[in-house]
Structure formats: structure tokens, C-alpha cells
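For reference, the chains in residue letters:
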Amino acid sequence: MAFESKIKTIEWVDNVSRMIDQTVLPKEYKTVDIKTDEEMFFAIKDMIVRGAPAIGIAGVHGVSLAAIELSKSITDKSEFLAKLKERGEYLKSSRPTAVNLMWGVNQQIELASKIQGNIDEITKALIENGIKLENEDIEINKKMGDYGAQVVPKGATILTHCNAGALATVGYGTALGVIRSAFAKDPTIKVFADETRPRQQGARLTTWELTSDGIPTTLITDGMCSYFMSKGMIDMVVVGADRIAANGDTANKIGTYTVAIAAKYHNIPFYIAAPLSTIDISIKSGKEIPIEERSHEEVTHINGDWICAKDVNIINPGFDVTPNELITGIITEKGILKPDFKTSISNAFKS
Ligand code: MRU
């Protein structure tokens with residue numbers, strides 16, 4: 001059963017990409033209109049829009065914006081397609097880990113090359129495809145939610161890390177979609193949300209989303225999860241994913257691997273919720289997933305204030321990879337994939 005969420009993170013409106021500005025939540029709610037592919041590059045890089053499926057759609061819209069721009073000055077179709085491909089490569093370079101960005105841009109470039117018509121017809125087809133993919137994203141999340149809700153025990157307390165919610169997608173969410181669907185069936189379920197340093201997506205975004213929907217949520221700091229697991233206060237873990245390799249190894253927000261190890265030690269089921277567009281079957285294992293290194297300031301500062309010695313060394317990987325043996329199941333729009341993941345993932349792509 002679907003639980004309605006009013007949040008629409010990114011949408012195509014009057015030839016612009018309108019998105020919720022996630023850098024200012026929860027203090028302020030505002031949307032921004034992205035009008036060019038260059039603006040889209042920075043919206044993704046600076047995390048105005050973030051979360052794997054949401055940046056997938058941002059990539060899709062980015063190509064539509066590039067097409068609109070190029071169609072104003074180029075009349076030769078092959079020149080237009082070549083330049084569009086270049087702009088697509090530029091958009092893909094904004095963030096390296098979430099494969100949905102590559103998926104979104106590649107889909108649009110491929111579509112453009114297949115359209116028989118003129119430049120205006122190509123541009124129109126790209127815009128229409130973007131709107132179709134937006135709607136599909138929400139439908140896929142609701143399907144995942146329904147599958148995932150089946151494995152949530154009655155009255156469970158669910159731990160999640162980072163934000164894999166409506167804000168990380170067009171709407172409804174992946175991991176938080178599972179929570180929304182489970183809550184619609186059983187309003188006694190509760191959530192523990194990890195703060196998720198350094199950017200605090202758990203504290204800033206997940207608690208905002210879930211409490212707005214009336215889902216009881218407790219915020220904890222990242223180091224607390226094993227304490228609560230040892231007290232029997234967590235029944236399952238559901239997180240999202242930025243890229244899943246063909247063997248099920250999963251890149252997600254830094255700190256996820258620690259949660260997965262703690263869950264294994266305490267015999268707590270650990271689920272990933274992600275659409276098939278997050279699975280990169282071209283890579284055999286998580287070793288091949290590029291990990292984004294983000295700015296040192298995310299670690300040295302909180303809310304603009306220094307929190308450490310000025311000459312300390314800093315390292316800031318944005319993601320880690322959870323090995324497949326720590327994962328109980330991968331919740332997708334085609335059902336829950338179980339170990340061995342190499343086989344179940346390959347079958348999901350065949351059916
Ligand atoms: O750096 P972000 O905020 O874009 O990272 C997003 C995540 O890692 C989320 O936790 C998520 O699971 C992937 S998006 C559903």
C-alpha cells in the first residue's frame with residue numbers, strides 16, 4: 001500500500017528544472033529553477049540536488065537544458081548531436097559515485113541519436129522523456145516500498161543512514177519509501193536515523209521528511225548504532241545505494257559499512273533499497289566503484305565554524321562500499337534480490 005508523500009524533489013516546469021534546495025533544509029524550504037546545463041552541473045556538484053535517483057533525473061534534465069540551449073545556435077544535426085554528447089560528458093563529471101547520473105545522461109544521449117526528426121523534434125523528445133522518467137521514478141519507489149514492507153516485522157524499529165528518501169529521488173524515496181509503505185500498513189513502526197556526518201543528511205533531511213509525514217523518528221549520532229543494537233532496540237536496517245556492483249557490493253554514504261558490520265554482529269537484517277538503475281552490471285565488484293573525495297571543509301567545519309586544530313590532516317571520502325556478504329537482501333522494483341547476488345542480480349536484468 002502506498003503512503004502519499006507531498007515532496008517533489010525535482011520536476012520539469014516551463015522549460016526549467018525546478019528543485020528543492022537541499023543545502024538550506026530544514027531551516028528553510030525553497031525551490032530553485034535551473035535554466036542551463038552549466039547551472040545543473042553546479043546544482044549537482046554543490047548538492048542542491050543530491051541522492052542517486054534524484055541526480056539521475058537531474059542528469060536527464062541537464063541534457064534537455066543543453067539541447068534547448070544548443071538548438072538556439074546550431075542548425076546542423078550531426079554538429080548538434082556531437083555537442084550534446086560533449087555536454088553530457090560534462091554533466092557526468094559533476095559527481096563520480098552514483099551511477100544513476102551516468103544512467104540518466106546516457107539514456108538521453110542515446111535517445112537523441114535515435115530520433116529521426118530535426119533538432120527541434122529531438123529537443124522535444126528529450127523533454128518528454130524527462131517527464132516520463134520523473135513519473136516512473138515515483139512508481140518504481142512505490143513498488144520497492146511494497147516489496148520492502150513485506151520484510152518489516154510488526155512494530156519494528158528500523159535504522160537508516162543518510163537520506164534515501166523522497167529528497168534523494170523524485171518522490172517517495174527508496175529506503176524511506178520502504179519505511180513509508182511499512183508505516184501505511186503498521187503505524188506502530190518507528191525509525192532511528194543516523195545523523196550522517198559530515199553533511200548530516202540524516203539529521204537535516206531524513207528527520208525533516210519523516211517527521212513531516214508523522215512517522216516517529218529518533219535522531220542518533222553515527223557512533224551510537226551498535227549501542228542501540230546491543231540493547232535490542234533495532235530490529236532491521238534499511239539504507240539506499242549510490243552504486244551496486246554485479247556481485248551486490250554496495251556503495252552508499254560513508255558510514256554505511258560500519259552500520260552493516262554492527263548489524264551482522266548483532267544478527268540484525270541489513271537491507272539495501274535501490275532501483276535497478278543503481279546497479280552497475282558493468283563492474284564485477286565494489287573495488288571498481290569510484291569513491292568521491294569531498295572538500296575538507298565538510299569535516300573541519302560545522303555550520304561555518306572550525307571544530308578542530310587548523311593544521312590537522314583531513315581526508316573525506318563521501319562513500320564506502322559494503323561487501324555483499326553483509327547484505328540480507330536488495331529491495332528493487334522487481335522484488336527482493338537475495339544472495340547469491342551475482343545470480344539474483346543477473347536474473348533481475350533478464351526478466
Ligand atoms: O552524497 P549524497 O547525499 O548524494 O549521498 C546519497 C546517499 O548516499 C544516500 O544515502 C542514498 O542511499 C543514496 S540515494 C537513495
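Residues numbered from 1 in each chain as written. Predicted model: local features only at pLDDT ≥ 70, side-chain atom pairs only at ≥ 80, totals over all residues. Heavy atoms only, no water.

## Here's the deal with the overall build of the protein
So the rule is basically this: Working definition: helices are DSSP H or I runs of at least four residues, strands are E runs of at least two. Numbering for both runs from the N terminus. It is over C-alpha atoms that the radius of gyration is taken, and the globule rule equals 2.2 Å times the number of residues to the power 0.38. Under the scheme applied here, a residue whose accessible area is under 20% of the maximum for its type counts as buried, over 50% as exposed, and between as partly exposed, the area being computed with a 1.4 Å probe on protein chains only. The contact criterion used is simple: two residues touch if any of their non-hydrogen atoms lie within 4.5 Å. Residue-level accessible areas treat just the shown protein chains as cover; the underlying method is Shrake-Rupley with a 1.4 Å probe. Charge assignment: positive for Lys and Arg, negative for Asp and Glu; neither His nor the chain ends contribute. For the purpose of locating charges, the reference atoms are NZ of Lys, CZ of Arg, CG of Asp and CD of Glu.
What the protein contains, in helices and strands, is 11 helices and 16 strands. Taking 20 Å as the expected radius of gyration for a compact globule of 351 residues, we find that the protein reaches 20 Å, a close match to that expectation. The principal-axis extents of the C-alpha atoms in the protein amount to approximately 65 × 55 × 40 Å. Out of the 351 residues belonging to the protein, those deemed buried represent 57%. Considering only residue pairs separated by 6 or more positions, the protein has 75% of its internal contacts joining residues 24 or more positions apart. Taken as a whole, the protein presents about 14,800 Å² of accessible surface, with 53% of it coming from carbon and sulfur. Between the averaged position of the 39 positive side-chain charges in the protein and that of its 45 negative side-chain charges there is a distance of 4 Å.

## A word on the site of the ligand
The cut-off we apply is this: By convention in this text, a residue qualifies as near a molecule or strand provided that one of its non-hydrogen atoms is within 4 Å of it. Any pair of N or O atoms that falls within 3.5 Å is considered a polar contact. Within protein, one atom must be able to donate a hydrogen and the other to accept it, and sequence-neighbouring residues count only if both atoms are side-chain atoms.
Lining the immediate surroundings of the ligand are 18 residues, of which Arg-50, Arg-95, Asp-242, Asn-252 and Lys-253 lie closest. For the ligand, an oxygen atom lies 2.9 Å from a polar atom in the side chain of Gln-201. Out of a free accessible area of 400 Å², the ligand has 99% covered by protein chains. When residues of the shell around the ligand are traced back to their parent elements, those giving at least two are helix H2 (52–71) and strand E9 (250–253).

## Quick notes on the domain arrangement of the protein
Short version of the rule: Domain start and end points were adopted from an automatic or database domain assignment. As a working definition, buried area equals the accessible area (1.4 Å probe) given up by two parts on being put together, with both sides summed. We define a salt bridge as a contact between a side-chain nitrogen of Lys or Arg and a carboxyl oxygen of Asp or Glu at a distance within 4 Å.
Annotation of the protein at the domain level lists domain 1 (10–141) and domain 2 (145–350). Distance from the C-alpha centre of domain 1 to the C-alpha centre of domain 2: 25 Å. Listed by partner, the interface residues are 29 residues for domain 1 and 33 residues for domain 2. When domain 1 packs against domain 2, close to 2,600 Å² is buried across both sides, 57% of that on carbon and sulfur atoms. Between the two partners, domain 1 and domain 2, sit 1 salt bridge. Among the ionic pairs, Arg-95 bridges to Glu-292, the shortest N-O distance being 2.8 Å. For the pair domain 1 and domain 2, the interface holds 17 residue pairs in polar contact (both at pLDDT 80 or more). Broken down by secondary-structure element, the contributors of at least two residues to the side of domain 1 that touches domain 2 are H2, helix H4 (99–114) and helix H5 (119–149).

## Some words on the sheet that holds strand E3 (residues 31–34)
Think of a sheet as strands paired side by side through backbone hydrogen bonds, with each pair either parallel or antiparallel. Selection rule: For two strands to be treated as a pair, DSSP must find no fewer than two bridges joining them. Between the N-to-C directions of two axes lies an angle of 0 to 180 degrees, each axis being a line fitted to C-alpha atoms and, for a helix, fitted only over the stretch in contact.
Read from one edge to the other, the open sheet built from 3 strands follows the order E1-E2-E3, with strand pairing classed as antiparallel. What marks the edges here is a single partner per strand, and that holds for strand E1 (10–13) and E3. Pairs of neighbouring strands in the sheet enclose a mean axial angle of 25°, with direction left out of account. Here strand E2 (residues 16–20) pairs with E3 via 4 bridges, running antiparallel. What sits directly across from Ser-17, in E3, is Ile-34. Against the sheet, helix H1 (residues 37–45) engages E2 and E3, with an angle of about 140° to E3. Across the sheet, H2 lies against E1, E2 and E3, angled at about 25° from E1, the strand it touches most.

## Here's the deal with the pairing of strand E5 (residues 190–194)
Keep this limit in mind: The crossover handedness rule: strands pointing away from the viewer, path from first strand over the helix to second strand clockwise, crossover right-handed.
Counting buried positions along E5 gives 4 out of 5 residues, so the element sits mostly inside the fold. As paired elements, strand E4 (residues 157–160) and E5 share 4 bridges and run parallel to each other. Following the sheet pairing, Leu-159 is matched in E5 by Phe-192. This β-α-β element, E4 to helix H6 (residues 175–185) to E5, shows right-handed connectivity. Examined bridge by bridge, E5 and strand E6 (residues 217–220) share 4 bridges and lie parallel to one another.

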